[in-house]
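# Architecture at a glance
Each chain, written out:
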Amino acid sequence: MGIVSTISCPKCGYEPPSRTVFQCSQCRSILEVHLKIDQLTPVDFQRMRQSQDKSIWRWFEFFPLAQRSSIVSLGEGNTPLLPATRLGAKLGIANLYLKNDTVLPTGSLKDRSNSVGLSVAREWGFKTAAVMSTGNAAASVAAYSAAAGINSVVMVPAATAASKIIQARAYGATVVVIDGSFDYEVAKLYKAAVQEFGWYDCLSSNPYRDEGKKSYAYEMADQFDGESPDWVIHPTAGGTGIFAMWKGYKEFLSLGWIERAPKLVAAQSDAAAPIVAAFEKGVFDIEPVVARDTVAESIQVGNPVSLGWRALAALRESGGTAVAVSDAEILEAQALTGRLAGIFAEPAAATSVAAAKKLRDSGVIKPDDVVVCNLTGHGLKQPEAIRLTDKDFTPIAPTLEMLREQIARFGINCGR
Ligand SMILES: Cc1ncc(COP(=O)(O)O)c(C=O)c1O
Ligand SMILES: [Zn+2]
């Protein structure tokens, strides 16, 4: 079982009397769950690697859940780590890998954390789970709640893509679209509502749920056979992915299951890049920014209030960096990933590839470095990002002559 040794404040050290408290009563920081893992041995590592269960739950002892019977799983995890030779050649990175999280059950990385979060909710006996979201967490919380037999309420800002709202509704969630921005109006109402109704909070302010993304580190340690890449680049909004991945790597280092960890990179849209700004300034706290509109709508977060500062610390501890990319760079990376690697990633997810290109172009990444780009959300989440014209949908007369004309329009050699 996953044994919680302590829950404590990472800033002031405070330990609350109850393990169901999420926030420090002294300094308002989000608390951190610590697991008792020091009894695990390399034999456990091999057992976990060889488990028939390929979901994140083969790493059960690393998650804060007492009973296996509480697990809420849709088969998340163990996503492909694909060598991307053609894309790598284009970017000048000989050893480029794509960690393809677009194939997760609801199409985004959020399933890693919500599988853990909703399992804890079930173990604690909650009836309703809630989240506010730029879209992907909404669908994920809705799906895992459905699997758990828990009702869900999801709150999304008005700018959210219709496909994401439709997906959350399909899982039976109560979806509320709110007039206002994610960071301010939606956040304020969400906080008040969770207090008012006593819902289970599925945000990054829930330290139990945050543990789920540690599974990136465990899976990569398995997939690289105990080795680590030089770099892992992660599309970043609230900072949970970077924080949790680093925590997972540190756990494996402490157990001696790996010898070194990768340098972590936070990739952000330049329209919402508070973590990049703080990294570049050399400060330890994040100054919130007003997020501008960006094609990377899933990571349009200007105020990563819960875990931003911890992600920042993780970037520095790992020797990594933070990179902001423009919408044009993101769309180019999305197109290249589709055309040269066969993966349709949503724009937010393609920020990792855009950042890889930028870091290679500036010489930070060396030609032979082993680089992993996390592709965190499926392109079908936001299909309107692929800009087509009416011509693309207009049928042609069924003749070879018209077919030839159409093929010529694409300018691609479709010969034998
Ligand atoms: C597609 C996608 N990528 C990445 C993230 C990164 O989030 P975080 O920084 O909280 O790990 C999100 C979540 O908002 C997302 O939806
Ligand atoms: Zn504190």
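Report on the accompanying structure. What you are looking at is a predicted structure, and each value in this text was computed from that prediction instead of being measured.

### Description of the overall build of the protein chain
Within the protein chain, the secondary structure is distributed over 15 helices and 12 strands. Expected size for 416 residues packed as a compact globule is a radius of gyration near 22 Å; at 21 Å, the protein chain falls within 12% of this value. By the burial criterion, 56% of the 416 residues in the protein chain qualify as buried. Considering only contacts in the protein chain between residues 6 or more positions apart, those separated by 24 or more positions represent 70%.

### Regarding the site of ligand 1
The immediate surroundings of ligand 1 are formed by 16 residues, with Lys-110, Ala-237, Gly-239, Gly-241 and Thr-376 found nearest. Thr-376 has a polar side-chain atom sitting 2.6 Å from a nitrogen atom of ligand 1. Each residue belonging to the shell around ligand 1 can be placed in one class, and the counts come to four nonpolar, nine polar and three charged.

### Concerning helix H5 (residues 162-170)
It helps to recall that an α-helix has 3.6 residues per turn; residues three or four apart then point in one direction. Among the residues making up H5, those that are buried are Lys-164, Ile-165, Gln-167 and Ala-168. Looking straight down H5, one finds its buried side chains confined to an arc of 160°; they lie on one side. Relative to its buried face, H5 has exposed residues pointing more than 90 degrees away, namely Ala-162, Ile-166, Arg-169 and Ala-170. Close packing links the buried residues of H5 with helix H4 (136-148), strand S6 (151-157) and strand S7 (174-178). Residue Gly-172 follows H5 closely and has a positive phi angle near 90°.

### A closer look at the sheet that holds strand S9 (residues 231-235)
Spatially, S3-S4-S12-S9-S10-S11 is the arrangement adopted by the six strands of the open sheet, whose pairing is mixed. Strands at the two margins of the open sheet, each flanked by one partner only, are strand S3 (81-83) and strand S11 (321-325). Averaged over neighbouring strand pairs, the angle between their axes works out to 25° when direction is ignored.

### Looking at the coordination of the zinc ion (ligand 2)
Around the zinc ion (ligand 2), the protein contributes the donor atoms Cys-9 (SG), Cys-12 (SG), Cys-24 (SG) and Cys-27 (SG), which lie 2.3 Å from the metal centre. If you list the donors of the zinc ion (ligand 2) from N- to C-terminus, the spacing comes out as C-x2-C-x11-C-x2-C. Looking at Cys-9, the relative accessible area reads 4%, which means it is buried. Take Cys-12: its relative accessible area is 43%, and that puts it in the partly exposed class.

### Considerations on the packing of helix H9 (residues 240-255) against helix H11 (residues 308-318)
Axes are the key here: two packed helices are described by the angle between their axes and the distance separating the axes. Orientation of H9 relative to H11, taken along the N-to-C sense of each, is 45°, at an axis distance of 8 Å. The orientation of H9 relative to H11 falls into the category oblique. Crossing of H9 against H11: the hand is left-handed. On H11, the residues that touch Ile-242, Phe-243, Trp-246 and Lys-250 of H9 are Arg-310, Ala-311, Ala-314, Leu-315, Glu-317 and Ser-318. Classifying every residue of the contact of H9 with H11 by side-chain character gives six nonpolar, one polar and three charged.

### Examining the nonpolar core
Grouped together as the largest cluster of nonpolar side chains are 125 residues, with contacts concentrated most on Phe-62, Ile-233, Tyr-249 and Phe-252. By residue number, the principal contributor to this core is helix H13 (residues 347-361), which donates eight residues. Look past the residues within four positions of Ile-233 in its chain and what remains in contact with it is Val-265, Ala-267, Ser-352, Ala-355, Ala-356, Leu-359, Ile-365, Val-371, Val-372, Cys-373 and Asn-374.

### What to know about the pattern of salt bridges
Using the criterion set out here, one finds 24 salt bridges in the structure. Across the pair Glu-32 and Arg-310 runs a salt bridge whose closest N-O atoms are separated by 2.6 Å. With a gap of 278 residues between them, Glu-32 in strand S2 (residues 32-35) and Arg-310 in helix H11 connect regions that are remote in the sequence. The two residues Glu-32 and Arg-310 agree in class, both being buried.

### Focus: the packing of helix H10 (residues 274-281) against H11
Packing of H10 against H11 leaves a shortest axis separation of 10 Å and a crossing angle of 50°. The angle between H10 and H11 places the two elements in the oblique class. Note that H10 runs across H11; the crossing there is right-handed. Here Ile-275, Ala-278 and Phe-279 of H10 lie close against H11, whose contacting residues are Gly-308, Ala-311, Leu-312, Leu-315 and Arg-316.

### Topic: the pairing of strand S10 (residues 263-269)
Within a regular beta strand, the side chains point alternately toward one face of the sheet and then the other, so they alternate between its two faces. Where burial is concerned, most of S10 is hidden: six out of the seven residues are buried. Both S9 and S10 contribute to a ladder of five bridges, which runs parallel. Across the sheet, Ile-233 pairs through a bridge with Val-265, a residue of S10. Taken together, S9, H9 and S10 form a β-α-β motif whose crossover is right-handed. Pairing of S10 with S11, which is carried by five bridges, proceeds in the parallel orientation. Considered in S11, the bridge of Ala-266 is made with Ala-322.

Reading the values: rules and limits
- Residues numbered from 1 in each chain as written.
- Chains lettered and ligands numbered in written order.
- Predicted model: local features only at pLDDT ≥ 70, side-chain atom pairs only at ≥ 80, totals over all residues.
- Heavy atoms only, no water.
- Helix = DSSP H or I, 4+ residues; strand = E, 2+ residues; numbered from the N terminus.
- Rg over C-alpha atoms; globule rule 2.2 N^0.38 Å.
- Buried < 20%, exposed > 50% of the residue type's maximum accessible area, 1.4 Å probe, protein only.
- Contact = heavy atoms within 4.5 Å.
- Near = heavy atom within 4 Å.
- Polar contact = N/O pair within 3.5 Å; in protein donor to acceptor, adjacent residues only side chain to side chain.
- Nonpolar A, V, L, I, M, F, W, Y, C, P; charged D, E, K, R; others polar.
- Arc of directions from axis to C-beta.
- Pairing = 2+ DSSP bridges.
- Axes fitted to C-alpha atoms, helices over the stretch in contact; angles between N-to-C directions.
- Donors = N, O, S within 2.8 Å, 3.2 Å for Na, K, Ca; no water.
- Parallel < 35°, antiparallel > 145°, perpendicular 65-115°, else oblique.
- Left-handed = near helix turned anticlockwise from the far one by under 90°.
- Core = buried A, V, L, I, M, F, W, Y, C linked by side-chain atoms within 4.5 Å.
- Salt bridge = Lys/Arg side-chain N within 4 Å of Asp/Glu carboxyl O.
- Right-handed = clockwise from strand over helix to strand, strands pointing away.

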